[in-house]
Amino acid sequence: MHYKKTINYRKSSVFLLLTVLICLIYSNTFNASWHFDDKLNILLNSNLHLTDLHPKSLANTLISGSDWSNPKFYRPVSCFTFALNWYFGQDNPIGYHIVNINIHIITAFVLFLVLLQIMRLTGATKKDEAKNYFIALLCATLWATAPIQTQAITYIVQRMASLAAMFTILALYSYLKARTEEKYIRWVALCTLFFLAGIGSKENAVMLPVSLLLLEFSFFRHHISKQKLGWIAVTSFGMLLASLLAMHFFFGKNLLNIFDPSRLVESYAGRSFTLSERILTEPRIVLMYISQIFIPLVSRLSLVHDIQVSTS
């Protein structure tokens with residue numbers, strides 16, 4: 001009992017520390033104004049402008065990317081949170097920033113729990129507990145305070161990415177708990193629920209099954225049988241397939257179109273660059289974002305970058 005109290009006290013201390021640190025870092029962003037996609041997705045999106053909490057009004061927010069003549073979900077979890085923000089504060093950005101920062105705090109704390117759980121599952125003893133707490137806290141703190149995170153937190157509409165990340169981390173934690181708990185069914189159910197919520201926030205969360213596979217092969221491949229690894233691979237593939245079908249039938253996102261060259265070419269008809277130019281330019285963009293993690297100069301963290309398109 002005393003050991004459990006100590007554990008809970010430590011976790012509470014970590015949560016408080018991360019909360020204070022993140023709030024201090026983002027304390028000057030509460031009045032940051034609306035930018036770019038904020039206007040189209042929130043300010044000009046009448047479906048999100050809740051004036052009451054009637055069920056039909058709430059349901060309308062879930063298809064805010066379309067209309068009732070052809071109803072399709074559009075990142076319903078994210079849009080629902082924006083609609084609630086509008087109901088309580090209309091176009092005042094303060095409330096939106098408060099929610100965004102709280103999402104970041106929750107994600108950072110759950111990341112700490114995930115890292116701690118990984119170290120415990122890889123054979124750490126009680127003697128290593130203090131060291132494990134330090135390592136997990138250090139990693140979570142570095143992630144939470146990295147300057148590159150400012151775009152996802154301070155740029156209001158990027159809550160979509162933050163929510164997808166939060167639900168993905170929650171799903172990872174649920175999966176790790178399911179590996180050790182006797183009543184694993186509830187943790188599996190939570191993992192699935194968080195997975196679906198992540199997809200409903202932004203399609204990035206579709207990569208969760210791949211993350212689970214990487215997790216197993218990186219940390220636990222020596223502790224489980226080949227049969228179980230095969231089961232995990234099949235389950236992950238099933239989750240990935242289910243998510244693709246969900247996005248196709250419910251969210252109106254047919255990701256299978258990427259295998260249709262003609263559709264790909266047509267989608268670039270209204271852009272200022274071609275598909276081949278994008279493929280040539282993209283590696284430079286990826287390298288630029290990676291470099292921002294290690295060289296986080298303010299001048300390099302703008303919302304807009306003047307990128308010269310590669311043509312050969």
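Description of the structure in this document.

Rules used throughout
Residues numbered from 1 in each chain as written. Predicted model: local features only at pLDDT ≥ 70, side-chain atom pairs only at ≥ 80, totals over all residues. Heavy atoms only, no water. Helix = DSSP H or I, 4+ residues; strand = E, 2+ residues; numbered from the N terminus. Buried < 20%, exposed > 50% of the residue type's maximum accessible area, 1.4 Å probe, protein only. Contact = heavy atoms within 4.5 Å. Core = buried A, V, L, I, M, F, W, Y, C linked by side-chain atoms within 4.5 Å. Polar contact = N/O pair within 3.5 Å; in protein donor to acceptor, adjacent residues only side chain to side chain. Salt bridge = Lys/Arg side-chain N within 4 Å of Asp/Glu carboxyl O.

1. Digging into the overall build of the protein chain
Next up, step 1: Within the protein chain one finds 13 helices and zero strands.
Next up, step 2: Traced from its N-terminal end to its C-terminal end, the protein chain shows the element sequence α-α-α-α-α-α-α-α-α-α-α-α-α.
Next up, step 3: Burial analysis of the protein chain (312 residues in total) assigns 38% to the buried set.
Next up, step 4: Residue pairs at least 24 apart in sequence account for 69% of intrachain contacts in the protein chain once pairs closer than 6 positions are excluded.

2. Here we look at the nonpolar core
Next up, step 1: Among the nonpolar cores identified, the biggest contains 47 residues, and Ile-22, Phe-112, Val-114, Phe-167, Leu-172 and Leu-215 are the most heavily contacted of them.
Next up, step 2: In this structure, Ile-22 is in contact with Ile-101, His-104, Ile-105, Ala-108 and Ala-144, ignoring residues within four places of it in sequence.
Next up, step 3: Trp-34, Ile-42, Trp-86 and Val-157 belong to the second largest nonpolar core, which has 13 residues in total.

3. Quick word on the side chain of Thr-168
Next up, step 1: Considering the arrangement of structural elements, one finds Thr-168 in helix H8 (residues 159–178).
Next up, step 2: Of the polar contacts made by the side chain of Thr-168, one reaches the backbone oxygen of Ala-164; its length is 2.7 Å.
Next up, step 3: Look past the residues within four positions of Thr-168 in its chain and what remains in contact with it is Ala-205 and Leu-208.

4. Re the pattern of salt bridges
Next up, step 1: All chains considered together, the criterion is met by five salt bridges.
Next up, step 2: Residue Glu-203 is joined to Arg-75 by a salt bridge in which the shortest nitrogen-to-oxygen separation is 3.0 Å. Note that Glu-203 is positioned in the loop between helix H9 (184–201) and helix H10 (208–220) and Arg-75 in the loop between helix H3 (55–61) and helix H4 (76–89), a separation of 128 residues in sequence.
Next up, step 3: What makes Glu-203 buried here is its relative accessible area of 15%.
Next up, step 4: The class of Arg-75 is buried, set by a relative accessible area of 16%.
Next up, step 5: Here Glu-282 ties to Arg-278 by a salt bridge, and the two come within 3.6 Å at their closest N and O atoms. Of the two residues, Glu-282 and Arg-278 both sit in helix H13 (residues 275–294), four residues apart, roughly one turn of that helix.
Next up, step 6: Classification of Glu-282 by relative accessible area gives partly exposed; the value is 32%.

5. Considerations on the environment of Ile-7
Next up, step 1: Its place among the elements puts Ile-7 in helix H1 (residues 2–25).
Next up, step 2: Among the residues examined, Ile-7 registers a relative accessible area of 10% and is labelled buried.
Next up, step 3: Between the C-alpha atoms of Ile-7 and Glu-129, which are 122 residues apart in sequence, the distance is 9.7 Å.

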